[in-house]
Amino acid sequence: MSQAEVDDTLKRIQEHKGVQGFLIINNDGIPIRSSLDSTLTQQYAALIKSLSDKARSAIRDIDPTNELVFFRMRTKKHEILVAPDKEYTMIVLQATDAS
């Protein structure tokens with residue numbers, strides 16, 4: 001995927017209703033790109049990296065032929081969407097509907 005395609009994809013994600021930001025981390029949990037402030041970037045990178053590793057391990061323990069491709073968490077304030085891949089993990093933070 002070219003840099004222009006990546007930029008277009010990230011722009012489309014940010015235009016979705018409720019999206020507050022995104023974060024892309026490498027396999028070491030180091031932020032590569034982020035639209036969040038530096039404090040939130042570091043916090044989400046570390047915590048989601050750890051959670052993603054544990055979720056991936058749990059899936060492998062249940063079924064060694066299966067693998068984690070996506071997960072999301074919903075709280076009263078936010079929904080966190082996580083798409084781990086071989087080299088990078090994408091994290092999207094969006095507001096939940098206050099209905």
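Residues numbered from 1 in each chain as written. Predicted model: local features only at pLDDT ≥ 70, side-chain atom pairs only at ≥ 80, totals over all residues. Heavy atoms only, no water.

1. Topic: the overall build of the protein
So, step 1. Counting secondary structure elements, the protein contains two helices and five strands.
So, step 2. Each helix and strand of the protein, placed in order from N terminus to C terminus, yields the pattern α-β-β-α-β-β-β.
So, step 3. Computed over the C-alpha atoms, the radius of gyration of the protein is 14 Å, within 12% of the 13 Å expected from 2.2 N^0.38 for a compact globule of 99 residues.
So, step 4. Seen through its C-alpha atoms, the protein measures out along the principal axes to roughly 40 × 35 × 25 Å.
So, step 5. Sorting the 99 residues of the protein into buried and exposed places 30% on the buried side. (Helix = DSSP H or I, 4+ residues; strand = E, 2+ residues; numbered from the N terminus. Rg over C-alpha atoms; globule rule 2.2 N^0.38 Å. Buried < 20%, exposed > 50% of the residue type's maximum accessible area, 1.4 Å probe, protein only.)

2. Considerations on the UniProt feature "domain: Roadblock/LAMTOR2" (unreviewed entry) in the protein
So, step 1. Per the UniProt entry, the sites bearing "domain: Roadblock/LAMTOR2" (unreviewed entry) are residues 6–94 in this numbering.
So, step 2. Structurally, residues 6–94 comprises 39% helix and 34% strand, and the distance from its first C-alpha atom to its last is 20 Å. (UniProt positions renumbered as here; feature names shortened; annotations may be inferred.)

3. Thoughts on the pairing of strand β2 (residues 31–34)
So, step 1. By the bridge criterion, three bridges tie strand β1 (residues 19–26) to β2 in an arrangement that is antiparallel. Looking at the pairing, Ile 25 lines up with Pro 31 of β2. (Pairing = 2+ DSSP bridges.)

4. Some points on the pairing of β1
So, step 1. Taking burial as the measure, the eight residues of β1 include seven buried ones, the bulk of the element.
So, step 2. When β1 meets strand β5 (residues 88–95), the two strands line up antiparallel, connected through seven bridges. Paired with Val 19 across the two strands is Gln 94, which belongs to β5.
So, step 3. The hairpin turn running from β1 into β2, its antiparallel successor, is four residues long, and Gly 29 in that turn takes a positive phi close to 85°.

5. Structural notes on the pattern of salt bridges
A pair can form between side chains of opposite charge whenever their charged atoms are brought close.
So, step 1. Applying the stated rule across the entire model yields three salt bridges.
So, step 2. Notably, a salt bridge pairs Asp 53 with Lys 49, separated by 2.8 Å at the nearest N-O pair. One end of the pair, Asp 53, and the other, Lys 49, are both in helix α2 (residues 38–62), four residues apart, so they sit about a helical turn from each other.
So, step 3. We classify Asp 53 as partly exposed; its relative accessible area is 34%. (Salt bridge = Lys/Arg side-chain N within 4 Å of Asp/Glu carboxyl O.)

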